[in-house]
Amino acid sequence: KDALSFVRVVRRNVEDDTAVVEVEIPTGRPHQIRIHMAYVGHPLVGDPLYLPGGIPDSTLKLFPSRMKEDEDMDTDDEEECVEQDAAHPCRGSSASSDGGVMRVTLPRDCGYSLHAYQITLEHPIRKNAAKRTITLTAMPPK
């Protein structure tokens, strides 16, 4: 699906080579912030999912095994790999003695370390009124 992000640098930290950015996502998919920023060479600080250039990190890592009932429909599950290619990332997967599994990081593993300082929404009731939107502001956590 198409996704669009508008990014504006709010503050730069030259010492850490980081920045606070404002991202507008009119297409409304929060995950797109992560992939779009990595794609243009500015991955989110601490993001274990994407490398600069938007390339998924294919390093195998140990994760706790999940029960089938804990799986959700929006993410990959941990079924046995059916790929025959020995170079395929999951070919190196193996269960550990403590029940963990070696695999690549999936979006569900990361959660979101994003904070919406300000969000503007269309008001659900005042659609035809002069003030059709509501803006909510929350300072970033310390």
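Below, the structure is looked at part by part. (Residues numbered from 1 in each chain as written. Predicted model: local features only at pLDDT ≥ 70, side-chain atom pairs only at ≥ 80, totals over all residues. Heavy atoms only, no water.)

### Brief notes about the overall build of the protein
Helices and strands together make up the secondary structure of the protein, namely two helices and eight strands. Within the protein, contacts between residues at least 6 apart in sequence are counted, and of these 40% link residues at least 24 apart. Just so you have it, the protein exposes about 11200 Å², and 55% of that area is on carbon and sulfur atoms. (Helix = DSSP H or I, 4+ residues; strand = E, 2+ residues; numbered from the N terminus. Contact = heavy atoms within 4.5 Å. Areas by Shrake-Rupley, 256 points an atom, 1.4 Å probe, with all protein chains shown as cover.)

### Things to note about the pattern of salt bridges
Scanning all chains against the criterion turns up three salt bridges. Two residues, Arg 8 and Glu 22, come together in a salt bridge whose shortest N-O distance is 3.1 Å. In this pair, Arg 8 is assigned in strand S1 (residues 6–13) and Glu 22 in strand S2 (residues 18–24), connecting sequence segments 14 residues apart. When its relative accessible area of 45% is taken as the criterion, Arg 8 is described as partly exposed. (Salt bridge = Lys/Arg side-chain N within 4 Å of Asp/Glu carboxyl O. Buried < 20%, exposed > 50% of the residue type's maximum accessible area, 1.4 Å probe, protein only.)

### Considering helix H1 (residues 31–39)
Along H1, the residues classified as buried are Gln 32, Ile 33, Arg 34, Met 37 and Ala 38. For H1, the secondary structure elements touched by its buried residues are S1, S2, strand S3 (50–51) and helix H2 (107–110). After H1 finishes, the residue Gly 41 shows a positive phi value of roughly 90 degrees.

Everything listed here is a matter of coordinates, which is why it stays silent on function.
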